[in-house]
Amino acid sequence: MQHTSILERLLRGIALTLVVVFFMFPIVWIVLMSFQTNETILSIPPSVVFEPTLSNYKALITGRLETAAGTLDIAFMRNLWNSVILSVSSVALALLLGVPAAYAFARHKFRGSEDIAFTLLSFRFAPPLLVVLPLTIYFQQIGLADTYVGLVWVYQLICLPLILWIVRGYFEDISADIEYAYRIGGHSWFATFRKIALPLAGPGIAAAGLLAFIFAWNNFVFALVLASADKQPVTVGALAFVTASGIQYGQIAAAIVLSIAPTLALALYAQRYLVEGLSLGAVKG
């Protein structure tokens, strides 16, 4: 029996190792590519033994890309800053609008509430290409085309439904008796919402905000169509590395590493809140 148990643990460890290697290999390979030149990357057969170089990261930071066709000016750092502005602003606005709305849907049932909530959720399911053309025409008419305000507004199609439905579930898991007991003391509904409901649902709100931030950061279609080069995020700015002299694989790999670093750092920092949020309402004991 002891030998069987050791064999099972060994097989389980091997299987887990294979799964980790399978999913982590593309990320590790991208990191290795970011320290290689195009010649090394395109060499056949590929090799993990090479002389590392920081030229790819230097090109991104300085904004000057050396190619066979000459020197190109790239604005990757500006694109990275645009991603920060758009994602943070979109999530902040979505939290400001979505959290009170989620609380209202969770605590106050009224006629048509489920239909309204499902309609808001359907915006998240709509293909971006379905709405981007009418939005482009509409934004040109009202002066929001190629503006941060217009992009943040459009990003609500990504962030607001996600935050609304996730946070609503967390509010529903909180016992309403706690809020009723606080209201009996003569406190208003807003004070109850601010001092009781929000702290109890804090981990869930943090988890929803983190997921919304990641989805907003990775958006491509809206920024590609509705923004010019000076307001495009990194997802669109990476197209600058497809040049007349060929595809700059090293710079693309370095851009991927730099673009995922903020979301990875945020996820690691908020890991405790994310775990608490995703486990809120689970059966314990």
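Data block above holds the structure.
This section reports on the structure supplied with the text. Please read these numbers as outputs of a predicted model, since none were measured by experiment.

## Details of unusual backbone geometry
With a phi angle near 60°, Asp146 is a residue other than glycine that sits in the positive phi range. Tracing the sequence through the fold places Asp146 in the loop between helix H6 (128-142) and helix H7 (148-173).

## Some words on a nonpolar patch on the surface
Together, Leu16, Val20, Met24, Ile27, Val28 and Val31 make up a nonpolar patch on the protein surface, roughly 490 Å² of accessible area in all. With respect to the helices and strands, Ile27 occurs in helix H1 (residues 2-33).

## Details of the packing of aromatic side chains
For the structure on display, the rule yields eleven aromatic pairs. Three or more aromatic residues link up through ring pairs in this structure, and these residues are Tyr103, Phe171 and Phe193. In this structure, Arg168 is placed above the aromatic ring of Trp165, and the distance from its NZ or CZ to the ring centre is 5.1 Å. Seen from the ring of Tyr148, Lys231 lies directly overhead, with NZ or CZ sitting 5.7 Å from the centre.

## Digging into the environment of Gly250
Within the fold, Gly250 resides in helix H13 (residues 249-269). Exposure remark for Gly250: the relative accessible area of 0% places this residue in the buried category. For Gly250 and Tyr148, which are 102 residues apart along the polypeptide, the C-alpha to C-alpha distance reads 30 Å.

## A word on the pattern of salt bridges
Scanning the model with the defined rule gives three salt bridges in all. Notably, a salt bridge pairs Glu179 with Arg107, separated by 3.1 Å at the nearest N-O pair. Of the two residues, Glu179 is situated in helix H8 (residues 176-184) and Arg107 in helix H4 (residues 76-107); the sequence distance between them amounts to 72 residues. Overall, the relative accessible area of 4% leaves Glu179 in the buried class. With a closest N to O distance of 3.2 Å, Glu172 and Arg168 form a salt bridge. Of this pair, Glu172 and Arg168 both sit in helix H7, four residues apart, which is roughly one turn of the helix. Accessibility expressed as a relative area gives 40% for Glu172, which makes it partly exposed.

Parameters and conventions
Residues numbered from 1 in each chain as written. Predicted model: local features only at pLDDT ≥ 70, side-chain atom pairs only at ≥ 80, totals over all residues. Heavy atoms only, no water. Helix = DSSP H or I, 4+ residues; strand = E, 2+ residues; numbered from the N terminus. Patch = residues over 30% accessible without salt bridge, like charges linked within 9 Å, V, L, I, M, F, W, Y side chains within 5 Å. Areas by Shrake-Rupley, 256 points an atom, 1.4 Å probe, with all protein chains shown as cover. Salt bridge = Lys/Arg side-chain N within 4 Å of Asp/Glu carboxyl O. Phe/Tyr/Trp six-rings, centres within 6.5 Å; stacked < 30°, edge-to-face > 60°. Lys NZ or Arg CZ within 6 Å of the ring centre and 35° of its normal. Buried < 20%, exposed > 50% of the residue type's maximum accessible area, 1.4 Å probe, protein only.

What is shown is where atoms sit, not what they do.
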